[in-house]
Amino acid sequence: MRFGQPLRAWDGLVALVLATATIVSLGLTSVMGYTRDESFYFKYATVYQNWFHRVAHRDEAPASPDDLGGGPLGKRDVLGTWRENFEHPSLMKTLFGFSWRAFGLKRRPLSFGPASKGRIEVTRLEASDGFEVGDDVRLLGPVPNEYPWPVGALGTPLGPPEPALLADARVVERSDSSATLELTDASALASIAGSCKAPASPSNAAPEWLTGCQAETTGTLQFLNEAQAMRLPTWVFFGLLVALLYLFGTELFGRRAGLFAALAFLVTPHQFFHGHLCTFDMPVTTMIIATVYAFWKSIHSPFWVFGAAVLWGLSLVTKLNGYFIPVPLVAAWLTPWLVDGAVAMRASFAAQWAAGRFGALWAWLRERRRALLLGGAALVVAGVATMTLGRAAGLAAGLFSLSVFRFRLALPPLPRAFLWMLMIGLPMQFWLWPSMWFDTAQSFSSYVSFHGSHVNYPQEYFGDLLNVPPFPLGYPFVMTWLTVPVPIQVVMLVGLLTLFITERRTVPLFERALLFANALLPIGIISIPSTPIFGGVKHWMATLAFGALIGGFGFEWICRRVLALIARPAWRHALVAAALSLTLASGAVASVRYVACGTGYYNELIGGLQGAADARMMRKFWGFAAAYALDYVNVTAPRGASVAFHEATWDAFDWYQRVGLLRRDLRWRRDPTEHCRPGDLYLFHHQGPMAQDEIDGPKALETIAPVHTWSLDGVPMLSVYECRKP
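Here is a short report on the structure shown in this document.

About the cut-offs
- Residues numbered from 1 in each chain as written.
- Predicted model: local features only at pLDDT ≥ 70, side-chain atom pairs only at ≥ 80, totals over all residues.
- Heavy atoms only, no water.
- Helix = DSSP H or I, 4+ residues; strand = E, 2+ residues; numbered from the N terminus.
- Contact = heavy atoms within 4.5 Å.
- Areas by Shrake-Rupley, 256 points an atom, 1.4 Å probe, with all protein chains shown as cover.
- Phe/Tyr/Trp six-rings, centres within 6.5 Å; stacked < 30°, edge-to-face > 60°.
- Buried < 20%, exposed > 50% of the residue type's maximum accessible area, 1.4 Å probe, protein only.
- Lys NZ or Arg CZ within 6 Å of the ring centre and 35° of its normal.
- Pairing = 2+ DSSP bridges.
- Axes fitted to C-alpha atoms, helices over the stretch in contact; angles between N-to-C directions.
- 1 Å grid on protein atoms, 1.4 Å probe; cavity = no way out; pocket = protein on both sides within 12 Å on 5 of 7 lines; lining within 4 Å.
- Points joined across faces, edges and corners; volume = space filled by probe spheres on them.
- Nonpolar A, V, L, I, M, F, W, Y, C, P; charged D, E, K, R; others polar.
- Disulfide = S-S within 2.5 Å.
- Lys, Arg positive; Asp, Glu negative; His and termini not counted.
- Salt bridge = Lys/Arg side-chain N within 4 Å of Asp/Glu carboxyl O.
- Left-handed = near helix turned anticlockwise from the far one by under 90°.
- Expected span 1.5 Å × (residues − 1).
- Bend = angle between axes of the 7 residues up to and from the residue.

**Focus: the overall build of the chain**
A count of helices and strands for the chain gives 25 helices and 17 strands. Once local pairs closer than 6 in sequence are excluded, the contacts in the chain between residues at least 24 apart make up 77%. As displayed, the chain offers around 31600 Å² of accessible surface, 64% of which is attributable to carbon and sulfur atoms.

**Considerations on the packing of aromatic side chains**
In this structure the tally under the stated criterion is 40 aromatic pairs. With centroids separated by 4.5 Å and ring planes inclined at 15°, the aromatic side chains of Tyr 34 and Tyr 656 adopt a geometry described as stacked. Here the residue Tyr 34 occupies a position in the loop between helix 1 (9-28) and helix 2 (36-56), and Tyr 656 occupies one in helix 24 (residues 650-658), the gap between them amounting to 622 residues. Per residue, the accessibility class of Tyr 34 equals that of Tyr 656, and both read buried. A ring pair is formed by Phe 645 and Phe 653, whose centres lie 5.3 Å apart and whose planes are at 70°; its orientation type is edge-to-face. Just as Phe 645 is buried, Phe 653 falls in that class too. Each member of the aromatic cluster is reached from another via a ring pair, and the members are Tyr 48, Trp 51, Phe 52, Trp 82, Phe 98 and Trp 437. A cation sits over an aromatic face here: Lys 106 above Trp 100, 5.0 Å from the ring centre. Between the NZ or CZ atom of Arg 593 and the centre of the ring of Tyr 594, over which it lies, the distance is 5.7 Å.

**So, the pairing of strand 15 (residues 681-685)**
In terms of residue burial, strand 15 counts as a mostly covered element, since five of its five residues are buried. Residues Leu 681, Leu 683 and His 685 point to one face of strand 15 and Tyr 682 and Phe 684 to the other, with burial holding for every one of them. Across two bridges, the pairing between strand 13 (residues 642-644) and strand 15 is parallel. Residue pairing for strand 15: Ala 644 is matched across the bridge by Tyr 682.

**Details of the sheet that holds strand 17 (residues 715-722)**
Across the sheet, five strands lie side by side as 14-13-15-17-16; this open sheet has mixed pairing. With one partner strand each, in any of the chains shown, strand 14 (667-669) and strand 16 (708-712) form the two edges of the open sheet. The mean inter-strand angle of the sheet, taken between neighbouring strand axes irrespective of direction, is 20°. Helix-sheet contacts for helix 25 (residues 691-701) involve strand 15 and strand 17, and the interaxial angle to strand 15 is about 170°.

**Here's the deal with empty space enclosed by the protein**
For the coordinates displayed, the defined rule picks out two cavities of 30 Å³ or more. In terms of lining residues, the largest cavity is bounded by 13 residues, among which His 270, Met 479, Gly 536, Thr 599 and Phe 621 are the most central. If you list the elements that add at least two residues to the lining of the largest cavity, you get helix 8 (269-274) and helix 17 (475-483). Class assignment of the residues belonging to the lining of the second largest cavity gives a composition of five nonpolar, two polar and two charged.

**As for the state of the cysteines**
If you walk through the whole model with that rule in mind, you get two disulfides. The disulfide that involves Cys 196 links it to Cys 213, with 1.9 Å between the sulfurs. An S-S torsion of about -100° defines the bridge between Cys 196 and Cys 213 as left-handed. Taken together, the residues Cys 196 in the loop between helix 5 (189-195) and strand 8 (209-211) and Cys 213 in the loop between strand 8 and strand 9 (214-217) connect sequence positions 17 residues apart. By relative accessible area, Cys 213 is classed as buried at 6%. Disulfide partner of Cys 676: Cys 723, at an S-S distance of 2.1 Å. Negative torsions about the S-S bond denote left-handed disulfides, and the value of about 65° found for Cys 676 with Cys 723 makes this one right-handed. Placement of the pair is Cys 676 in the loop between strand 14 and strand 15 and Cys 723 in the segment after strand 17, with a sequence separation of 47 residues. Each member of the pair Cys 676 and Cys 723 is classed as buried. Among the cysteines of the chain that take part in disulfides, numbered as they appear in the sequence, the pairing is 1-2, 3-4.

**A look at the side chain of Glu 511**
Note on placement: Glu 511 falls in helix 19 (residues 509-527). Summary of buried charges: Glu 511 has no salt-bridge partner, and the nearest side chain of opposite charge, Arg 512, is 7.5 Å away. Sequence-distant contacts of Glu 511, that is, excluding residues within four places in its chain, are made with Leu 252 and Trp 296.

**Details of the side chain of Glu 722**
Following the sequence through the fold, Glu 722 ends up in strand 17. With sequence-adjacent residues up to four places away left out, Glu 722 is seen in contact with Thr 636, Gly 679, Asp 680, Leu 681, Leu 701, Thr 703 and Val 707.

**Quick notes on the pattern of salt bridges**
Using the criterion set out here, one finds 27 salt bridges in the structure. Across the pair Asp 37 and Arg 36 runs a salt bridge, and its minimum N-O distance is 3.2 Å. By relative accessible area, Asp 37 is classed as buried at 14%. When its relative accessible area of 27% is taken as the criterion, Arg 36 is described as partly exposed. Linked through salt bridges whose partners overlap, the residues forming this network are Arg 108, Glu 126, Asp 129, Glu 226 and Arg 658.

**Digging into the pairing of strand 17**
In terms of burial, strand 17 is largely enclosed, as seven of its eight residues are buried. Note: strand 15 against strand 17, five bridges, orientation antiparallel. Within strand 17, the position partnered with Phe 684 by the bridge is Ser 719. Here five bridges tie strand 16 to strand 17, and the two strands are oriented antiparallel to one another. Within strand 17, the residue paired with Trp 710 across the bridge is Leu 718. Hairpin connection from strand 16 to strand 17: two residues lie between these consecutive antiparallel strands, with Asp 713 at a positive phi of about 55°.

**A word on the packing of helix 20 (residues 541-563) against helix 21 (residues 569-593)**
One can describe the packing of helix 20 onto helix 21 by two numbers: an axis separation of 11 Å at closest approach and a directional angle of 145°. The element helix 20 and its partner helix 21 pack so that their crossing is right-handed. Taken together, the residues of helix 21 that come into contact with helix 20 (itself represented by Phe 555, Cys 559, Val 562 and Leu 563) are Arg 572, Leu 575, Val 576, Ala 579 and Leu 580. Its residues assigned to classes, the contact of helix 20 with helix 21 shows eight nonpolar, no polar and one charged.

**Re the sheet that holds strand 3 (residues 119-122)**
The antiparallel closed barrel is built from six strands, whose spatial order is 2-3-7-6-4-9. In this sheet, neighbouring strand axes are inclined to one another by 40° on average, regardless of whether the strands run parallel or antiparallel.

**Section: the environment of Glu 162**
Tracing the sequence through the fold places Glu 162 in the loop between strand 5 (143-144) and strand 6 (165-174). Its relative accessible area of 62% is what places Glu 162 among the exposed residues. A sequence separation of 498 residues divides Glu 162 from Gly 660, and the C-alpha atoms of the two residues are 10.0 Å apart.

**A look at helix 15 (residues 416-431)**
Along its 16 residues, helix 15 runs 22 Å from first to last C-alpha, staying within 8% of the 22 Å computed at 1.5 Å per residue. Along helix 15, the sharpest change in direction is near 35° and occurs at Leu 422. Regarding helix 15, the residues found buried are Ala 417, Phe 418, Met 421, Gly 425, Met 428 and Gln 429.

See the structure below:
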């Protein structure tokens, strides 16, 4: 029974439609607040873009003699820029930044100095913000400070009203931090200045305006706010991943399998949530699938040999996970050879035993004594390497021992992709990451050391606080069981049983080993008790991507068994569509319903979000829920009030102000202080590991009950407390 199908031209069209639909759906549902990690990447993406701006304009500024190579390409500037946030490679932060520059509408405050020929200042600028000399800009009026903001269909505030257009202007001068504008109609200056004069308000009350007058860029491609533009590359990568799953699944098991794999991965709520964010987890999952797909195709196509090499190189500059990609590829390459050897060895041993040829058997063992001794020695080396150099060295030594034991290093033909991955892919890590251009050994060592000793952030797991290893071996498996929609899990289980047991002879061993090894490695690494588990399911999304492909085989198997009983073609197509819809419906509905707090989704096996709360499971981290109380904060906090944002970082606070969601007069704190002033606020994020903060924070504010709460399914996610000191 044959399963895979060759690709046709219209498969490319289907993949394009899937990718486009994914990107559009992400754009329409990107309502979640800014996560902790995102806030850092927002910041460093702009830092890197300022460097690119300096590189583009390096001929306009004299080089410093202290720089090796001079100017922004010299050692001082390169390392001073790119060693910020050195723990992650350059590719995604660079793409985030270029997307922000190209597609983000920049709004910056206006300043009115002494009346002069129709000129106004734009303030708070950085080099890469735009507002270059000759650019046309729009002048926008103030935004009123209103509460509540309208609530959208996804259950989150839609944001403040859009400001009115006051006038058009042009940039005539630009400095490092400001730009001078000239009005198209200079006579309108007095009227605009009057419209932009903030009304007086008591110092103990909130201002009437959320933002004052601003200047807005008018780039042709700028259609997103700045944060959404930062997120756009992740949306594109998610779209590519969905398309790749369809294409890969089609070639492996057929079009129904490919369609199931693509859509099942898309509508798993945690993945749908993470697919919105300006982070690296979805992009590196995409790169893993792309590299494995290219490697699989390279077995029969020289073109894909180079594709696999380049894609692996791009994986390395996406996230550290890229270094693990060759491990399952080597395992898949060796598996048929090892299995064939084991079968042959077993047959030979059995024949000798059955014939009673114990002397011949002893001779057979003696003939291989060198391989046995070397294999045993290599196993000892593997154990020592694991204890001293780590798991990767132990795995490499273990594979070597297996090869020695089998055929005295008579390995099967080496896939050409491996050679080119080393020659092309590995150097790309150093070519494309400026941090590696100088002091390369030190830079690479710092990068690896950071992840080798990564801090363990606490997680709540059935009431236990997991903040130091050893962590439970079954943690990632239980979390997967409780966070993947049940119908999708059932089909994946059918695929697992049929692909590797009942129908194993219908799919070559290499393909089965390729899928199994790639699905097992990410979740297997997290299951090691010493591995940090702070990110939850996002750290093994590649397992779920390959699990979706395995589920695609299960869906195809079910369809073939059922359709064999139906004769009419129209009914067959309708039944397949109905089966696909029913299997994916619960995941699709949950993905949209929980998109504002995707980390809080749990399936029916634990009783949903409420059941997870009762079981004291981790429901939220990263501080993104602060966005859902900003309208309340804006109208409640008096002028200049201090707001303790708890798990929301200062960089997230800064970007809420930048995009016009939060007043600029407010001051950020992490935790509330005993010296609070009346009206100061505390945004408490409900997380098990932060339970003590729920006691200490209100105590410092001399209050008990929250004044505002944002909940989901009746489970509180964010509570706002107000200082009650006289």
